[in-house]
Each structure stands twice: as C-alpha cells, then as structure tokens.
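# Working through the structure, step by step
Residue strings, one per chain:
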2 protein chains.
Amino acid sequence: MDYTEKKIKTINGYRGLIVDVDLDRIELPDGETALREVVTHPGGVGILAINDKNEAVCVRQYRYCFGEHLLEIPAGKLERGEDPLECAVRELSEETGITAGKIVPLGSMYPSPGFCSEVLHIYLATGLENGEAHPDAGEFLDIVHVPFAELVDKCMSGEIRDGKTVLAVLKAKIYLDAQSAN
Amino acid sequence: MDYTEKKIKTINGYRGLIVDVDLDRIELPDGETALREVVTHPGGVGILAINDKNEAVCVRQYRYCFGEHLLEIPAGKLERGEDPLECAVRELSEETGITAGKIVPLGSMYPSPGFCSEVLHIYLATGLENGEAHPDAGEFLDIVHVPFAELVDKCMSGEIRDGKTVLAVLKAKIYLDAQSAN
C-alpha cells in the first residue's frame, strides 16, 4: 500500500549548529492531518579498522549527550558535498593516523528514521599503516586496540551501545566468517 | 583519561513535539570552550518477533524524514515513566496484534550518541500468538512476514537500512546460532 504523507506547511522550527528541526503539518493517506517533527542532520561515516593482529582500532571519547565516555569505531560527520568514502579516509586519518590499504563498504544505516534524516555510511578497513593522529581542535580521544573477537562479545553483551559500532562489528563478523568459510 | 566536558550555559534551544534541542557552551578538558548541540528524545523500543515458521514479523511504513516506505521491526516511543519491556509488549500488540510467550532482551543501543540522547531497548520475542492489531490514530502500516534467513540477507546487503532492525536481526542471528550450536 502507498502510505505517502504530504507536507502541508511547516509550522515551527529551529536552525542550529549541526541540526535543524522542522515541525510540519502533513496530510495522512486517509486525508486526515497530523504533525511530523523532522531533525535534519548532515550524516556521516563510521570505519571499523582491523589490523594484522586482528585487533579493531577503537576510540574512547566523552559523549556530552550521555555524560559518559564511550568506546566506538572512528567516525565523523560529512562535510558539505563530501563523498562518504573520502570522509571515511579523512576521519580515520584524523582520529587515528591510520591509512588503509583496503576499504570495503558495509552499507548505509538510518540511525533514527522515525524523526531524523541522518544517514551513516559504514566501512571496513584493513591493510592498515600507522601514522600521526591529528584530531580536530576540541576533539579529545584515546585510541584503544581491542581484539576483534572481544569486541564482538562487548557488542553482543550490551557493554557497547553505540549503534554504528555494534552494526559495523556484527556485519563485519558475519561477512568475515562467510569469507573464511569459502 | 578523563575527557569530561562541563556545561557553562545553554545559549539557544527548541522545545518541540517529540524532541527538544539545547545548544550549550561547554568547557573542554583543556579549559577551552566549545559548543555542543544536544537533541533530547524520550527513547523507545524495537521488538524482533519470530514465529514458529522462523519468519520475522516486520512492519512496512512510510518514513516522512526520508520520503520512503521502510521495512522495520515493530517499534515505538517510550511513554513518560514507562518500563521498556512493558512498552515492547504494548507496541508489539498495537502494531501487529501479537502477544509473545517469551521475550529476551538483546541490549540497548544509542542510535546517535554524538548529538542525540535517544536510547533504544531491543527485544527478541518468540512463542507468538496472533490477535487483532490496533495501531494508533494516524499510524498506517502493513505487516510483512519475512523468513528470518532472508531478513539477515537483506540486512547484510544494505537493502534494510533501519539501524535498530539491522542491529536486532544480526544480534539475534549470532545469539540463535550460538544457542543451536550448544
């Protein structure tokens, strides 16, 4: 069935630093009206980088939204007009200093399609060469090497809660298990 | 290392229907200041329900943020003070009419910890009994039964992009594979 909702007009909104919000009055498929609140976000990338010792290169950083330090894969926002793969190469280099010999796309995800337009592009990087990290001003993080099997366990147990990290790690596990079975 | 960021003051914001936004000036660990934009969301649940034929009960609905119909697991927002498990039981019943004999937690996820406080609690439901769906007013959806192995393939290929659906399906696959190996 076609359940397309048609915008009638925007009745409130917010123009922010990273996100914008529009509160729209819309027409439902049955002709009734309703409100939809849409957070617009530029989107970004996440990169699971696995080294020759089968360790994932993770970053531990403070997340102000939760008041917690979280262990995550390297990630960052797309700059205007930036290609997602170029963004992945840039963010991996900035946060960890690493350049990757091989980068495979693991697909894109919509973190919160009910209210937010954010799209994250996820990559698996291997054939890593170390270099000097050069984080953005105001970006503080520790680089943590985690054996890949241990990272899978941390995702399965719920210890790691960052959505893009869990998604990347579990996709990579199933992808790499299938490769090694062939 | 402790990279805690301290709030100095809120300098802009938005009070919305579902989300609020605060733009805060904060103090960084090195004493410099920066801005952090935080979207506050009530959080919610996602329920992967698998029937006796090993089919997942999915919902296909229009997502206004993307202008697309998406295939997702049943899900919904927490009401104020609501227990996540009770919310999962309620949303599964409202969207599909199903009651589950067994519900196992698959952990919680932060869809976008960089800017949004949303927490999603994910469950695996089995032992399903069918009943009458009773969606909220203004909620239009089709119920679609997808063989679980096919749903895993759709998540791995990137055809399914909804983060909570991919996370729930891949966690359940690894969890169920480990159970059947024992």
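Residues numbered from 1 in each chain as written. Chains lettered and ligands numbered in written order. Predicted model: local features only at pLDDT ≥ 70, side-chain atom pairs only at ≥ 80, totals over all residues.

Before going further, it helps to spend a moment on helix H2 (residues 148-157) of chain A. Of the positions making up H2 of chain A, those classed as buried are Leu151, Cys155 and Met156 of chain A. Taken down its axis, H2 of chain A places every buried residue within 135 degrees of arc, on the same side. In this structure, H2 of chain A carries Ala149, Glu150 and Ser157 of chain A as exposed residues pointing more than 90 degrees from its buried face. On its buried face, H2 of chain A sits against strand E5 (55-63), strand E10 (141-147) and helix H3 (163-181) of chain A together with helix H3 (163-181) of chain B. Just downstream of H2 of chain A, Gly158 of chain A is the residue with a positive phi angle, here 90 degrees. (Buried ≥ 20, exposed ≤ 12 C-beta atoms within 10 Å, placed from the backbone. Helix = DSSP H or I, 4+ residues; strand = E, 2+ residues; numbered from the N terminus. Arc of directions from axis to C-beta. Contact = placed C-beta atoms within 7 Å.)

Another aspect to go through is the relation of the copies chain B and chain A. Superposition of the two copies of the chain requires a rotation about an axis together with a shift along that axis. Taken as rigid bodies, chain B and chain A are interconverted by a rotation of 180 degrees and an axial shift of 0.0 Å, the fit giving an RMSD of 0.0 Å. With respect to symmetry, the two chain copies, as superposed, fit the operation of a two-fold axis. A symmetric contact is evident, with 100% of the interface residues of chain B recurring at the interface of chain A. (Least-squares fit on C-alpha atoms with pLDDT ≥ 70 in both.)

Turning to the pairing of strand E4 (residues 44-49) of chain A, a few remarks are in order. Residues and elements named next belong to chain A. Here E4 lies mainly inside the structure; 6 of its 6 residues are buried. Here E4 shows no split at all, with Gly44, Gly46 and Leu48 on one side and Val45, Ile47 and Ala49 on the other all buried. Bridge count between E4 and strand E7 (residues 75-77): 3 bridges; the pairing is antiparallel. Bridge pairing in E7 links Val45 to Gly76. Relative to strand E9 (residues 120-129), E4 runs parallel, the two sharing 6 bridges. Paired with Leu48 across the strands is Leu124, a residue of E9. (Pairing = 2+ DSSP bridges.)

What follows covers the packing of H3 of chain A against H3 of chain B. Packed helix pairs are characterised by how far apart their axes lie and by the angle those axes make with each other. Taken N-terminus to C-terminus, the directions of H3 of chain A and H3 of chain B make an angle of 45 degrees; their axes are 10 Å apart at the nearest point. When the interaxial angle is binned, H3 of chain A and H3 of chain B end up oblique. In terms of crossing hand, the pair formed by H3 of chain A and H3 of chain B is left-handed. Where H3 of chain A abuts H3 of chain B, its residues Gly163, Val166, Leu167, Leu170, Lys171 and Ile174 of chain A lie against Gly163, Val166, Leu167, Leu170, Lys171 and Ile174 of chain B. By residue class, the composition of the contact of H3 of chain A with H3 of chain B is 8 nonpolar, 2 polar and 2 charged. (Axes fitted to C-alpha atoms, helices over the stretch in contact; angles between N-to-C directions. Parallel < 35°, antiparallel > 145°, perpendicular 65-115°, else oblique. Left-handed = near helix turned anticlockwise from the far one by under 90°. Nonpolar A, V, L, I, M, F, W, Y, C, P; charged D, E, K, R; others polar.)

This part covers the domain arrangement of chain A. Each domain of chain A was delimited in the assignment, giving domain 1 (6-40) and domain 2 (44-181). Put simply, the middle of domain 1 of chain A and the middle of domain 2 of chain A, counted by C-alpha atoms, are 32 Å apart. (Domains from an automatic or database assignment.)

Before going further, it helps to examine the interface of chain B and chain A. Each side of the interface is counted separately: chain B has 54 residues, and chain A has 54 residues. Within the residue set of the side of chain B that touches chain A, elements represented by two or more residues are strand E2 (20-27), strand E3 (33-40), strand E5 (55-63), strand E6 (68-72), strand E8 (99-109) and H3 of chain B.

What follows is about the sheet that holds strand E3 (residues 33-40) of chain A. Residues and elements named next belong to chain A. Spatial ordering of the open sheet is given by E1-E2-E3, a layout of 3 strands whose pairing is antiparallel. Pairing within the sheet leaves two strands with one partner each, and these edge strands are strand E1 (6-15) and E3. Put simply, the sheet's adjacent strands are angled 20 degrees from each other on average, direction ignored. Sheet analysis places E1 next to strand E2 (residues 20-27), joined by 8 bridges and oriented antiparallel. Across the sheet, the residue bridging to Lys6 is Glu27, located in E2.

So, on to the environment of Val152 of chain B. Residues and elements named next belong to chain B. Note that Val152 resides in helix H2 (residues 148-157). According to the C-beta neighbour criterion, Val152 is partly exposed, with 19 such atoms within 10 Å. Through-space distance from the C-alpha of Val152 to that of Lys7 is 42 Å; in sequence the pair is 145 residues apart. If we skip the residues at most four places from it in the chain, Val152 touches Val169 and Lys173.

Residues and elements named next belong to chain A. The strand order across the open sheet formed by 3 strands is E6-E5-E10, and the pairing between neighbours is antiparallel. The open sheet has two free edges, formed respectively by strand E6 (68-72) and E10, since each of these has just one partner strand. Neighbour to neighbour, the strand axes of the sheet diverge by 30 degrees on average, direction disregarded. Examined bridge by bridge, E5 and E10 share 7 bridges and lie antiparallel to one another. Following the sheet pairing, Arg60 is matched in E10 by Asp142.

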